[in-house]
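Structural overview for review
Residues per chain, in single letters:
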Amino acid sequence: MADLITYREAIADGIAREMRLDPSVVCLGEDIGAAGGVFKSTQGLFEEFGPTRIWDTPISEQAIVGAAMGAAMTGMRPVAEIMFSDFLACCWDFIANEMPKVRYMTGGQVKVPMVVRTANGGGLGFGAQHSQAVENWALSVPGLVIAAPSTPSDVVGLMASAIRSDDPVLFFEHKALFATKGEPAPAGHVIPLGQANVVRTGSEITLVGLAWSMPIVLEAAELLAQQGISAEVIDLRTLVPLDAATVLSSVSKTSRILIVEENPFQGGWGGTLASIVADEGFYDLDAPVKRIAAASVPLAFATHLENELLPSVALTVETAVRMATS
Amino acid sequence: MADLITYREAIADGIAREMRLDPSVVCLGEDIGAAGGVFKSTQGLFEEFGPTRIWDTPISEQAIVGAAMGAAMTGMRPVAEIMFSDFLACCWDFIANEMPKVRYMTGGQVKVPMVVRTANGGGLGFGAQHSQAVENWALSVPGLVIAAPSTPSDVVGLMASAIRSDDPVLFFEHKALFATKGEPAPAGHVIPLGQANVVRTGSEITLVGLAWSMPIVLEAAELLAQQGISAEVIDLRTLVPLDAATVLSSVSKTSRILIVEENPFQGGWGGTLASIVADEGFYDLDAPVKRIAAASVPLAFATHLENELLPSVALTVETAVRMATS
Amino acid sequence: MAGSAVASPESLSGWYEQMLVIRGTEKAAFDLFMSGLVKGTTHLAAGHEAVAVGASAALEPDDYVWATYRGHHHAMARGLSAEACLGELMSKQTGSSQGKGGSMHMTYAPGNMMGSYAIIGSHLPMAVGSAWSSVLRQSGQVSVAFFGDGATNIGAFHEAINLAAVWRLPVIFVCENNLYMEYTPISSVTAVEHPAADRAGAYSLPRIVIDGNDVVVVRDEVAKAAAKARAGEGPSIIECLTYRHYGHSRTDPAKYRPEGELEQWLMRDPVKVLREHLAAAGVGEDEIGEIEQRAQHAVLAAIEAAKAAPLSDPAEAFTDVWADGGSQWRT
Amino acid sequence: MAGSAVASPESLSGWYEQMLVIRGTEKAAFDLFMSGLVKGTTHLAAGHEAVAVGASAALEPDDYVWATYRGHHHAMARGLSAEACLGELMSKQTGSSQGKGGSMHMTYAPGNMMGSYAIIGSHLPMAVGSAWSSVLRQSGQVSVAFFGDGATNIGAFHEAINLAAVWRLPVIFVCENNLYMEYTPISSVTAVEHPAADRAGAYSLPRIVIDGNDVVVVRDEVAKAAAKARAGEGPSIIECLTYRHYGHSRTDPAKYRPEGELEQWLMRDPVKVLREHLAAAGVGEDEIGEIEQRAQHAVLAAIEAAKAAPLSDPAEAFTDVWADGGSQWRT
Ligand SMILES: Cc1ncc(C[n+]2csc(CCOP(=O)(O)OP(=O)(O)O)c2C)c(N)n1
Ligand SMILES: Cc1ncc(C[n+]2csc(CCOP(=O)(O)OP(=O)(O)O)c2C)c(N)n1
Ligand SMILES: [Mg+2]
Ligand SMILES: [Mg+2]
């Protein structure tokens, strides 16, 4: 189709839509202005909105997120970019200790309506310090909305909700999805935070993914169908709020769940989800709760080594077949 | 008994024992010298080892951990103190992106034998920014040993292993346990990293805890025994390496597992452990896998509010009774 | 170092009363701790009052103020009542944050006192952000961040000031240099003599060190910086020399202080200094006595009210996590 | 800005060959990327060679060196072979880290080149740590951290230099000021003209700015700083003015540069400057030509060897996580 757009373009589109609607939305980050962002995901914003809405910063991650906080607390809706999600570590105090706690610590006197956008994840040969799926760091901190879209139109729909939210949102844009294409989002497209997407219905096994792992589970579901196994596929879209109800209701139908995560097994979101299913969905289960995740290893630079560490379609299919036929 | 020692004293004792054995062990941190640490957990070290082994630092968490790294990579075994574990956020880049990845990124050319000690956890009315159980942030990062002892002698035994380890270790000392007492560690006491402790044997339900939650599960087990329910109690002692085998073998006997965590439910270590049990121990299970964790809320300052949020003995007993009789 | 600027007897009287109420509230907080009515930890600002009162006197009601865990004085100088302050410490429903924040997180949003942050340095970028916000909204507001000498060695300090300077933002960084971090002298861990002022040059800002115990001096210097900020001429760093009368926190007897140091600083107690200003401005002993009585009564009434108030509702533990007021994170 | 100091023809010749091998390897890396033989990203240092070669010339073999993601030149100046460098980029078993590190993490431990760190500022405290370690071990070693102009606005920079200054550690902070961060001029986001040197005063250190394209100038200044460090007189900050010939990374055509800027800097290309030094020192054209041929052959041989080497073993993905060599994190 001629009018498909890339995930990358959807990011700038999603931001631009909100900036047109609300003058309090401003962007800041490194090289996001005239340069259009190092991933070109803010391309066109500087041209359309100019230097009073799009601000280039020094390499000062703490100042970026901290200043965004201060602005959010005083009437603005800042959208801060942290170039690679690994660099959230450089401002982790703000992400973990400040943003999510202000409303609570002040007894509701102060709110923090802001978005931190960041390029997340691996698969591109960027090595151990530029490839992590760090949404799991954030999952252990109450008070942060965590969004991680997998398609261009989800990017736009979730961006709208994220920017309009009165809660702080971490918005994980996946580097390995930037070049993927999809239908553009219709005008006024908004996806509520906390609503998982049942991307494919099925009856024998539930496959759950997020962001990078969605193409994997979708391809696996297709291959499973060819083998006569009917898989239901769920895209969580946000980790917080977590739409556990959609997952549990799927499991009550399929009796089997396989969670596919990009991140290392240890401390991954799949653990939290699996624990919910193994508790609240226990009596529905006909097979062990399974997770496919990356090895608990830093990611390697070499593509052929990185591939050894990350989940694959083949392993997903193989595991699902074993589960469905056990 | 006259010769019981406090958990707090055990920390200084554990460090001192290693410093006496190995001149490459040095300590650095804020107020750890003549002041003896703000929790008095390094009391006596400055007097015994002097300013060439015990270094007071500015309020520069990145410099503290970064300098410890550089020293560790060049022949020393530094023990860095980060006063409250919440402040690990101020040097999270070093904890998450540097320490655990150096050996791997350099292809084994460089190692990082160091310990970061920190006062962890809640229950003392210190509020949202001084009370977190942050070992879960670290759990999602491969390459870090994570120790969290619950008794004075475990403090000493694990400290010995931590300091002697050629891997970077995060050593979580629990604030609410500082004043608790126990048997002093015998001379030469060493507890291998990755070895859970079956603190109490039982046959009907497995209770798993860590650090702060150990007194809770132990008291609960005692109350359950009075009700005729036999609980096995496991203290994980380290999250990485994770002694899943001990937990799985216990579940194969009891068929029931209840995990009690101090941290918020979302992203807690119990999720990772539960997911392993719900997979590898699935066919042993006679009841849903249950987790008791803190509410997914920042911790409140007021004691009566903080208590609302944290796990309790009562809830542990009540849940275990329901599980054992279902 | 005494201030040469003039202030009206009325202004001086108002500041004196405010300062005494703050001092009395800090004393009450200390006593309530000792009697077990306040839990957790607390960091008292007795000795630092001139910085809070002087700065507030130079600001407009809608200017923004940001503080550290040692922030009771800043919240009160911006309008937080002694009762709400003590109520917070005592976990009462009448506390400024219903006991959810506590001593280290005093906040008074009606006075644009945006909160107290307990992780060193973290509020400095936030103050840069509220200054940026004022520029974006063209509101003319100034932002002030108060911080300790110890905060000058943490990375966020450097990042905040550089960004403020580059963007020429209307923000004033006010250092309360009280010579110590927790138990360690700042001079032993800092590469310059004046931890804040001697860093100003690294951001093309002028070096300013003032007497932080004289409310008039503080008022004048902050007023200058505020005027500069409102004129679009960017940020300032002001280092105020002061001293804390209590130890670092509740549990600190401050034995690390050299003998006589406290006594020397008590001779320059900001309350004493201001009382002298009052006398010099012709305010009589009677009038001064009346102010003192009023302040004392206000504090006593606040203590009684805070004691009498109910503990906050246990359900408060689960409110104010999310925008909908609740704590639900999953379906 | 040309260096006034003298260097022997032999020294100059050696540096020239080293510089040419580095330059040739960077060119090869660029070409191999373009032909698809190298994946991921890379940041070339062509143009910066005088900093690496000059600094190394001033150091002892056991001194420590720390670099950023733009670190090929530093690793090679400390002894990493062109073959191991290109092998790493091509994910070969012969690569310095068997393809686990890649372009951004070049390391050569045999030369005490302790690694390249890709998160801005993070290696600065590490260099402070290795300097501290030298003091603790009384080894007399000096540590050098190379970093970009952009790194001067991140918190770790400030914390590292303060600690180094307070503890008077033998560490040299060498800034490669190439005018740009990724695509943004450093001048647009920094509150002073010289991002590193103009911050030195904040740590009681002298302000030093030098020509970073003249290997002799760099060698002399680093030698001075090293002598000072070894004498127990503490750290130095040296700002080297230089320029990168390629864009920031593989994918950057560097269109943000004003017209003529690159050309102007190419006239002060460190290779050209050093060639002039050689001539001035009386080294003949023939001899210079021989050096150039030797370097070219070395690079060509390295390219061939790296191409011919096998990909690293897939099992390498699971080694070197833990001290036991493996990746087991649970029972
Ligand atoms: C990042 C961080 N590190 C350490 C602490 C612990 N801490 C609390 S107060 C304090 C001393 C601060 O000294 P200073 O900035 O001079 O302020 P003062 O207490 O003297 O007002 C320290 C180290 C902290 N709160 N945050
Ligand atoms: C903390 C952090 N923020 C951002 C980046 C992304 N980044 C990589 S290189 C770079 C520019 C660095 O500029 P400079 O320090 O001048 O070094 P140069 O590339 O010019 O050698 C940026 C912003 C990073 N790697 N780390
Ligand atoms: Mg102080
Ligand atoms: Mg640069």
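Residues numbered from 1 in each chain as written. Chains lettered and ligands numbered in written order. Predicted model: local features only at pLDDT ≥ 70, side-chain atom pairs only at ≥ 80, totals over all residues. Heavy atoms only, no water.

Further remarks concern the confidence of the model for chain C. Summing up the model confidence of chain C, the mean pLDDT is 96 and the portion of residues at 70 or higher is 98%. Model confidence for the complex: the whole-complex pTM is 0.98, and ipTM, which rates the interface, is 0.98. (pLDDT = per-residue confidence, 0-100.)

Residue and element names in this part refer to chain A. Applying the stated criterion across every chain yields a total of 36 aromatic pairs over all chains. Ring plane angle 85° and centroid distance 5.1 Å describe the contact between Phe-282 and Tyr-283, whose orientation is recorded as edge-to-face. Residue classification places Phe-282 among the buried positions, given a relative accessible area of 10%. The exposure class assigned to Tyr-283 is exposed, which follows from its relative accessible area of 60%. Among the aromatic residues, ring-to-ring pairing joins Tyr-7, Phe-39, Phe-84, Phe-87, Phe-126 and Phe-178 into one connected group. For Arg-291, the ring lying beneath its charged end belongs to Phe-265, and the centroid distance is 3.9 Å. (Phe/Tyr/Trp six-rings, centres within 6.5 Å; stacked < 30°, edge-to-face > 60°. Buried < 20%, exposed > 50% of the residue type's maximum accessible area, 1.4 Å probe, protein only. Lys NZ or Arg CZ within 6 Å of the ring centre and 35° of its normal.)

Another point: the domain arrangement of chain A. All names here are of chain A. In terms of domain boundaries, chain A breaks down into domain 1 (5-182) and domain 2 (197-325). With centres defined by C-alpha atoms, the gap from domain 1 to domain 2 works out at 26 Å. Taken together, the contact between domain 1 and domain 2 spans 24 residues of the former and 24 residues of the latter. Here domain 1 and domain 2 share an interface that buries about 1800 Å² over both sides, 60% of which is from carbon and sulfur atoms. Of all residues in domain 1, the largest losses of buried area upon contact with domain 2 belong to Gly-125, Asn-136 and Leu-139, amounting jointly to 24% of the total for that side. Summed over the shared surface of domain 1 and domain 2, the number is 1 salt bridge. We note a salt bridge from Arg-237 to Asp-154, for which the minimum N-O separation is 3.4 Å. Run the count over domain 1 and domain 2 and you get 12 residue pairs in polar contact (both at pLDDT 80 or more). At the level of elements, helix 6 (135-139), strand 6 (145-147) and helix 7 (152-164) are the ones that each hand at least two residues to the side of domain 1 that touches domain 2. (Domains from an automatic or database assignment. Contact = heavy atoms within 4.5 Å. Buried area = accessible area lost by both parts, 1.4 Å probe. Salt bridge = Lys/Arg side-chain N within 4 Å of Asp/Glu carboxyl O. Polar contact = N/O pair within 3.5 Å; in protein donor to acceptor, adjacent residues only side chain to side chain. Helix = DSSP H or I, 4+ residues; strand = E, 2+ residues; numbered from the N terminus.)

What follows concerns the site of ligand 1. Within the structure, ligand 1 sits among 22 residues, and Glu61(B), Tyr69(C), Arg70(C), Ala118(C) and Asn178(C) are positioned closest to it. Looking at what sits near ligand 1, you find residues from chains B and C. Between ligand 1 and Glu61(B), the relevant distance is 2.6 Å, taken from a nitrogen atom to a side-chain nitrogen or oxygen of the residue. Taking Asp149(C), its side chain carries an N or O atom lying 3.0 Å from an oxygen atom of ligand 1. Protein contacts shield 97% of the accessible area of ligand 1, which totals 580 Å² for the unbound molecule. A per-class count over the shell around ligand 1 returns 12 nonpolar, 5 polar and 5 charged. (Near = heavy atom within 4 Å. Areas by Shrake-Rupley, 256 points an atom, 1.4 Å probe, with all protein chains shown as cover. Nonpolar A, V, L, I, M, F, W, Y, C, P; charged D, E, K, R; others polar.)

Right, let's get into the pairing of strand 7 (residues 169-174) of chain B. Residues and elements named next belong to chain B. Within strand 7, 6 of the 6 residues are buried, which leaves it mostly tucked inside the rest of the structure. Here strand 7 shows two buried faces, one formed by Val-169, Phe-171 and Glu-173 and the other by Leu-170, Phe-172 and His-174. With 6 bridges joining them, strand 5 (residues 115-120) and strand 7 adopt parallel strand pairing. Looking across to strand 7, one finds that Asn-120 is bridged to His-174. As paired strands, strand 6 (residues 145-147) and strand 7 are joined by 3 bridges and run parallel to one another. Bridge pairing links Ala-147 to Phe-171 in strand 7. For the crossover that starts at strand 6, traverses helix 7 (residues 152-164) and ends in the parallel strand 7, the hand is right-handed. (Pairing = 2+ DSSP bridges. Right-handed = clockwise from strand over helix to strand, strands pointing away.)

Residues and elements named next belong to chain C. Taken together, Asp-149 (OD), Asn-178 (OD1) and Tyr-180 (O) make up the protein donors of the magnesium ion (ligand 3), found 2.0 to 2.2 Å from the metal. Written as a sequence motif, the donor residues of the magnesium ion (ligand 3) are D-x28-N-x1-Y. Of the residues examined, Asn-178 reaches a relative accessible area of 5% and is grouped as buried. Owing to a relative accessible area of 7%, Tyr-180 belongs among the buried residues under this scheme. (Donors = N, O, S within 2.8 Å, 3.2 Å for Na, K, Ca; no water.)

What follows concerns the packing of helix 4 (residues 82-89) of chain D against helix 10 (residues 285-308) of chain D. Residues and elements named next belong to chain D. At their nearest, the axes of helix 4 and helix 10 sit 8 Å apart, and the two run at 40° to each other. For the element pair helix 4 / helix 10, the angle class is oblique. Helix-helix and strand crossings are classified by hand; for helix 4 and helix 10 the assignment is right-handed. Contacts between helix 4 and helix 10 pair Ala-82, Glu-83, Leu-86 and Gly-87 from the former with Ala-302, Ile-303, Ala-305 and Ala-306 from the latter. Grouping the amino acids of the contact of helix 4 with helix 10 by side-chain chemistry returns 6 nonpolar, 1 polar and 1 charged. (Axes fitted to C-alpha atoms, helices over the stretch in contact; angles between N-to-C directions. Parallel < 35°, antiparallel > 145°, perpendicular 65-115°, else oblique. Left-handed = near helix turned anticlockwise from the far one by under 90°.)

Let us now look at helix 7 (residues 215-230) of chain C. Residue and element names in this part refer to chain C. The end-to-end C-alpha distance of helix 7, which contains 16 residues, comes to 22 Å, matching closely the 22 Å that a straight helix rising 1.5 Å per residue would cover. Listed in full, the buried residues belonging to helix 7 are Val-215, Val-216, Val-217, Val-218, Arg-219, Glu-221, Val-222, Ala-225, Ala-226 and Ala-229. Taken together, the buried residues of helix 7 touch helix 1 (9-34), helix 2 (49-58), strand 4 (171-177), strand 5 (209-211), strand 6 (236-241) and helix 9 (270-280). Two or three places before Val-216, at the start of helix 7, stands the capping residue Asp-214, its side-chain oxygen 2.9 Å from that residue's backbone nitrogen. (Expected span 1.5 Å × (residues − 1).)

With 52 residues of chain B in contact, the opposing surface of chain A contributes 52 residues. For the pair chain B and chain A, the summed buried area comes to about 4200 Å², and 60% of that belongs to carbon and sulfur atoms. Of all residues in chain B, the largest losses of buried area upon contact with chain A belong to Tyr104(B), Pro142(B) and Gln266(B), amounting jointly to 15% of the total for that side. At the junction of chain B with chain A, the criterion picks out 2 salt bridges.

This brings us to unusual backbone geometry. Cis geometry is found at the peptide bond from Val240(A) to Pro241(A), where omega equals -5°. In this structure, Pro241(A) sits in the loop between strand 12 (238-240) and helix 9 (244-254). Residue Asp31(A) is not a glycine yet carries a positive backbone phi of 60°. With a phi angle near 55°, Gln98(C) is a residue other than glycine that sits in the positive phi range. Mapped onto the fold, Gln98(C) is located in the loop between helix 4 (82-89) and strand 2 (113-117). Owing to a relative accessible area of 15%, Gln98(C) belongs among the buried residues under this scheme.

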